[in-house]
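Listed below are the residues making up each chain.
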Amino acid sequence: MFPFDQPASTAFYLVLYLGTLVLHVVPMNYVLAGSSYLALLGVWEAARGGVSDAHQRIAAGLRDWMPFALSVAITAGVAPLLFLQVLYKQPFYTANLLLLHRWMAILPVLIVAFYLLYLQKSKRFQARPAVVRMLVSVGIFLCFGFVAWSWTENHVLSTRGQDVWIEQYARGGWFYGDRELPARLALWWVGAFPMLSMILAWQVPSARKALARVALPSLVAAAAAGVVYYFQLPADARQSVVSVGWPWLTLGLIGWVAQVALWTMVWRGRQLRAELWLGLSAAAVLTAAGVTVLRELRRLTAVDITEYYEAHAAAARVGGWWLFAALLAMNAGLIVWVVRIACRPPVDADSPGT
């Protein structure tokens, strides 16, 4: 079963890469879909006026948590980025160099988005006219859309091989177009909304029925995007998804069906017990994990990983495992501690004893 069918050192790095990538995907989905939601809401408010109380509560929760979610997404993205360089050193660096200006533009764009998120959160800004709020929310969405597009473009180019790299270098272009890119980007974008809905259901329980109206159409859209993307893949990649990736495809489908069933119950007005909300959360993560592993299988049909087996084994022989494990445990503890602090209710300054 992939990735455990690889040599020990390669399997070790693949498991770490995929596991940490899923940890990154969760907050990344929150940021990407959350910025899309606020941008759509801003356009609606500027064009048509106010929205329902439920959507106002969702927007307030998003504006409050988005800066923190972006910080978590960036921090959680460091680990898979490091393991990616160990696993696919040459393809990854080649794509980086060929798209150098675009690739480096991600950093200032993220910095701009980060400060705009804090501006969007401020009470003084929320008192501004709807058009001004819309321009900022759309600007934030464009920043994160640019980052998502650049990452997808970089990934696709890294899997295209020597002939395409030479052609891209000779052309000197800042962009790389590929028929796989729109479908792949669409799958990640619409697939981010069910994860966002699941997290918001914990943050804004009073708006769960409104969130069901976001989650259900996006689950259907994500499935449609996945089917379109599947049929755009080369024949060998489709064969790999079915023959090698069937366990992960099955897990992803189970998670998708469970999400549809539970969100339908919420949409019909059923009050779910806490255990079912935990089940919904697990289903969303299960689907994300299945899609993430299938994404890697697609890469391996284009990149011959056997060429890097020796490099993986050499990296595994380098010491520092105990230091790695200690830092991993320490940072995981710090993250849990920070989340618990952030989740505490605000202290009323006028209450006795404060």
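Residues numbered from 1 in each chain as written. Predicted model: local features only at pLDDT ≥ 70, side-chain atom pairs only at ≥ 80, totals over all residues. Heavy atoms only, no water.

Student: How would you explain the packing of helix α9 (residues 180–203) against helix α13 (residues 274–300) if you had to name every residue and give the values?
Tutor: Contact pair α9 / α13: the axes reach a minimum separation of 10 Å and the direction vectors enclose 160 degrees. In terms of axis orientation, α9 runs roughly antiparallel to α13. Here α9 runs over α13; the crossing is left-handed. Packed against α9, whose contacting residues are Glu180, Arg184, Trp188, Met195, Met198, Ala201 and Trp202, the element α13 presents Ala274, Trp277, Leu278, Leu280, Ser281, Ala284, Val285, Ala288, Thr292, Arg295 and Arg298 at the interface. Among the residues forming the contact of α9 with α13, the class breakdown is twelve nonpolar, two polar and four charged. (Axes fitted to C-alpha atoms, helices over the stretch in contact; angles between N-to-C directions. Helix = DSSP H or I, 4+ residues; strand = E, 2+ residues; numbered from the N terminus. Parallel < 35°, antiparallel > 145°, perpendicular 65-115°, else oblique. Left-handed = near helix turned anticlockwise from the far one by under 90°. Contact = heavy atoms within 4.5 Å. Nonpolar A, V, L, I, M, F, W, Y, C, P; charged D, E, K, R; others polar.)

Student: If you had to explain the packing of helix α7 (residues 130–158) against α9 to someone new, which residues and values would you point to?
Tutor: Look at α7 against α9: their axes get within 10 Å of each other, and the N-to-C directions meet at 130 degrees. Considering their axes alone, α7 and α9 lie oblique with respect to each other. Every pair of crossing elements has a handedness; the one defined by α7 and α9 is right-handed. Listed contacts from α9 to Phe141, Ala148, Trp149, Thr152, Glu153, His155 and Val156 of α7 are Leu181, Arg184, Leu185 and Trp189. For the contact of α7 with α9, the per-class residue count stands at seven nonpolar, two polar and two charged.

Student: Quick one: what's the story with the pattern of salt bridges, residue by residue and with numbers?
Tutor: Scanning all chains against the criterion turns up eleven salt bridges. Ionic pairing is found between Glu180 and Arg160, a salt bridge with its closest N-O pair at 3.0 Å. Linking Glu180 in helix α9 with Arg160 in the loop between α7 and α8 (162–171), this pair joins segments that are 20 residues apart in sequence. In this structure, a network of salt bridges that share partners links the residues Arg160, Asp178, Glu180, Arg184 and Arg298. (Salt bridge = Lys/Arg side-chain N within 4 Å of Asp/Glu carboxyl O.)

Student: Tell me about the environment of Val291, and name the residues and values.
Tutor: Structurally, Val291 can be placed in helix α13. Taking the relative accessible area as the measure of exposure, Val291 reaches 31% and is therefore partly exposed. Separated by 38 residues in the primary sequence, Val291 and Leu253 place their C-alpha atoms 9.5 Å from one another. (Buried < 20%, exposed > 50% of the residue type's maximum accessible area, 1.4 Å probe, protein only.)

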